[in-house]
Amino acid sequence: MRQSHTVLAVRTPGRSLTEITPELARWVGQAGIADGLLTLFIRHTSASLLIQENADPGVQSDLERFFARLVPDGDALFEHVSEGPDDMPAHVRSALTATQLAVPVLGGRMALGTWQGVYVWEHRRRGHAREVVLHLIGE
Amino acid sequence: MRQSHTVLAVRTPGRSLTEITPELARWVGQAGIADGLLTLFIRHTSASLLIQENADPGVQSDLERFFARLVPDGDALFEHVSEGPDDMPAHVRSALTATQLAVPVLGGRMALGTWQGVYVWEHRRRGHAREVVLHLIGE
Amino acid sequence: MRQSHTVLAVRTPGRSLTEITPELARWVGQAGIADGLLTLFIRHTSASLLIQENADPGVQSDLERFFARLVPDGDALFEHVSEGPDDMPAHVRSALTATQLAVPVLGGRMALGTWQGVYVWEHRRRGHAREVVLHLIGE
């Protein structure tokens, strides 16, 4: 049994989904571990990780619209406003989604379903430099 | 240290919770790994995994009603409607819940709490054939 | 490759976030595993695990207020009321957040971001004795 880890740097363009499936596949493919478990961990509280359909881009824009309605920027409910009207909504959106994901690896590939892609979900309006820690264990 | 994996096929009857705790317990019990970590990964974006109370069935119907109100089928907000009025809500419900779960294994058994059951949550109205990848590592 | 596990007992004072980062850091630090993966699993369905900002306490009170508005205690929607008006909302809040988290460990420390803390989120109004199973694998 062996393990490997790295940090994936992801530059986001502002609130949206940035697909990282190809980068993950590349790193898993060269790690020399055929079967095991890949864990992703995002080191932020205003961005999160998501596995979603990567076929119709309309799914992504609908997700954005739903979350913008559920957790409106500038909501009068929030007291934590010093970092901008989109900061507390970003924390809530992070709490409602995932900071960490794990994907089994089989035959050197992530065991994703046909339509599944892995995304970094930026919840702030402005782009940020985000870090995702990757950990792979197996043999 | 050893690992084992399989794919659990789950036939859902349409939008509802299907308990898979017994199937998981059986597979873990025969894997020959006393202590370790079980990871579940669902290979779909319109169904998810949930750990919830398995005592009162009213908890499950209340969960369904809450999510049906929070993410209504046929919501005019959604543009992705080509796969039916319940498809985009299913994607949103998946984003709000879990695609992956991990449960520590101790003494050959999942370390679940007294009232915890593990479920596949079908978010589409019609039944589907769902796949859950299981990965177990330990010794 | 080695593994270690324990159960962390957490006494909550009622609905709120209880930070457990120092207890986790202590346990990871003395486990003798430099690099690996820490998994947390909460053995309850009315409390959950959360990674959030640990700088401004206003973030925590805003999170509480948002979830109290999203899932109101005593909502007429709910039939499962025998355990009190805050019990079914606690189950819904659990479904919307995390029962399980995993954090990579590097150099004997959790790879958390600068502002990330790990919390037990009590969703019942009264305090409870909660159990979090910790599993660490690595070398």
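Residues numbered from 1 in each chain as written. Chains lettered and ligands numbered in written order. Predicted model: local features only at pLDDT ≥ 70, side-chain atom pairs only at ≥ 80, totals over all residues. Heavy atoms only, no water.

(A) Broad picture of the overall build of chain A. For chain A, the count of helices and strands is 3 helices and 8 strands. If one aligns the C-alpha atoms of chain A with their principal axes, the spans along those axes are about 50 × 30 × 20 Å. The proportion of buried residues among the 139 residues of chain A is 63%. Taking contacts inside chain A between residues at least 6 apart in sequence as the whole, the part at least 24 apart equals 82%. In the form shown here, chain A has an accessible surface area of approximately 5,000 Å², with 51% of it arising from carbon and sulfur atoms. Distance from the positive charge centre (13 side chains) to the negative charge centre (16 side chains) of chain A: 4 Å. (Helix = DSSP H or I, 4+ residues; strand = E, 2+ residues; numbered from the N terminus. Buried < 20%, exposed > 50% of the residue type's maximum accessible area, 1.4 Å probe, protein only. Contact = heavy atoms within 4.5 Å. Areas by Shrake-Rupley, 256 points an atom, 1.4 Å probe, with all protein chains shown as cover. Lys, Arg positive; Asp, Glu negative; His and termini not counted. Charge placed at Lys NZ, Arg CZ, Asp CG, Glu CD.)

(B) Structural view of the side chain of R93(B). Residue and element names in this part refer to chain B. Mapped onto the elements of the fold, R93 is located in helix α3 (residues 87–96). Within the structure, R93 has its side chain in polar contact with the side chain of E64 (distance 3.0 Å). Here the side chain of R93 touches H123 through a polar contact of 2.9 Å, side chain to side chain. Beyond its immediate chain neighbours, meaning those up to four positions away, R93 contacts R15, E64, F67, A68, V71, W121 and H123. (Polar contact = N/O pair within 3.5 Å; in protein donor to acceptor, adjacent residues only side chain to side chain.)

(C) Expanded view of the sheet that holds strand β4 (residues 47–53) of chain A. All names here are of chain A. With antiparallel pairing, the 3 strands of this open sheet are ordered in space as β2-β7-β4. Among the strands making up the open sheet, the edge pair consists of β2 (16–19) and β4. Between one strand axis and the next, the sheet turns by 40 degrees as a mean value, whatever way the strands run. Pairing between β4 and strand β7 (residues 116–122): 7 bridges, direction antiparallel. Paired with A47 across the strands is E122, a residue of β7. Its contacts with the sheet put helix α2 (residues 57–70) on β2, β4 and β7, and the angle it makes with β4 is roughly 135 degrees. (Pairing = 2+ DSSP bridges. Axes fitted to C-alpha atoms, helices over the stretch in contact; angles between N-to-C directions.)

(D) Molecular detail of the packing of aromatic side chains. For the structure shown, the criterion picks out 9 aromatic pairs over all chains. Measuring from centroid to centroid gives 6.4 Å for F78(A) and F66(C), while their planes differ by 25 degrees, and the two rings are stacked. Of this pair, F78(A) sits in the loop between α2 and α3 (87–96) while F66(C) sits in helix α2 (residues 57–70), which puts the two residues in different chains. Neither F78(A) nor F66(C) differs from the other in exposure class; each is buried. An aromatic cluster is built from F66(A), F67(A), W121(A) and F78(B), whose rings are joined through pairwise contacts. (Phe/Tyr/Trp six-rings, centres within 6.5 Å; stacked < 30°, edge-to-face > 60°.)

(E) Inspection of the relation of the copies chain C and chain A at higher detail. Between chain C and chain A, which share one sequence, the superposing operator has a rotation angle of 120 degrees and an axial displacement of 0.0 Å; the RMSD is 0.0 Å. The operation mapping one copy onto its partner corresponds to a three-fold rotation axis. Taking the C-alpha atom as reference, chain C places L96(C) closest to the rotation axis, 3.4 Å from it. Different-surface contact between copies: only 14% of interface residues of chain C are shared with the interface of chain A. (Least-squares fit on C-alpha atoms with pLDDT ≥ 70 in both.)

(F) Broad picture of the interface of chain B and chain A. Taken together, the contacts link 29 residues of chain B with 35 residues of chain A. With both sides pooled, the region where chain B packs onto chain A buries about 2,700 Å², and carbon together with sulfur makes up 63% of that total. By the criterion of area lost to chain A, the three top residues of chain B are F41(B), L77(B) and A95(B), representing 20% of everything that side buries. Counting every contact that joins chain B to chain A gives 2 salt bridges. The shortest N-O distance in the salt bridge between D75(B) and R69(A) comes to 2.7 Å. (Buried area = accessible area lost by both parts, 1.4 Å probe. Salt bridge = Lys/Arg side-chain N within 4 Å of Asp/Glu carboxyl O.)

(G) Local environment of the relation of the copies chain B and chain A. Between chain B and chain A, the superposition needs a rotation of 120 degrees and an axial shift of 0.0 Å, giving an RMSD of 0.0 Å. Of the interface residues in chain B, just 17% have counterparts in chain A that sit at the interface too, so the contact is made through distinct surfaces.

(H) Structural detail: α3(A). Summarising burial for α3(A): 10 of the 10 residues are buried, a large majority. Buried within α3(A) are the following residues: D87(A), M88(A), P89(A), A90(A), H91(A), V92(A), R93(A), S94(A), A95(A) and L96(A).

(I) Quick peek at the interface of chain C and chain A. Taken together, the contact between chain C and chain A spans 35 residues of the former and 29 residues of the latter. Of the roughly 2,700 Å² buried at the junction of chain C and chain A (both faces included), carbon and sulfur atoms supply 63%. Counting the surface chain C buries against chain A, the share from its top three residues, M1(C), D62(C) and F66(C), is 19%. Our count for the chain C to chain A interface comes out at 2 salt bridges. Looking at the side of chain C that touches chain A, the elements that each hand over two or more residues are β3 (36–42), β4 (47–53), α2, β5 (100–106) and β8 (129–138) of chain C.

(J) Examining α2(A) more closely. Its 14 residues place the ends of α2(A) 20 Å apart at the C-alpha level, agreeing with the 20 Å of an ideal helix rising 1.5 Å per residue. Between the side-chain oxygen of the N-cap and the backbone nitrogen of G58(A) there are 2.7 Å, and the N-cap of α2(A) in question is D56(A). (Expected span 1.5 Å × (residues − 1).)

(K) Spatial organisation of the sheet that holds strand β3 (residues 36–42) of chain A. Residues and elements named next belong to chain A. With respect to topology, 5 strands assemble into an open sheet ordered β1-β8-β3-β5-β6, the strand pairing being antiparallel. Edge positions in the open sheet fall to β1 (2–11) and β6 (109–110), since each of these has one partner strand only. In terms of strand pairing, strand β5 (residues 100–106) meets β6 through 2 bridges, oriented antiparallel. Residue pairing across strands places L106 opposite R109, the latter belonging to β6. Relative to β1, helix α1 (residues 21–29) is tilted by about 155 degrees, and along the sheet it contacts β1, β3, β5, β6 and β8 (129–138).

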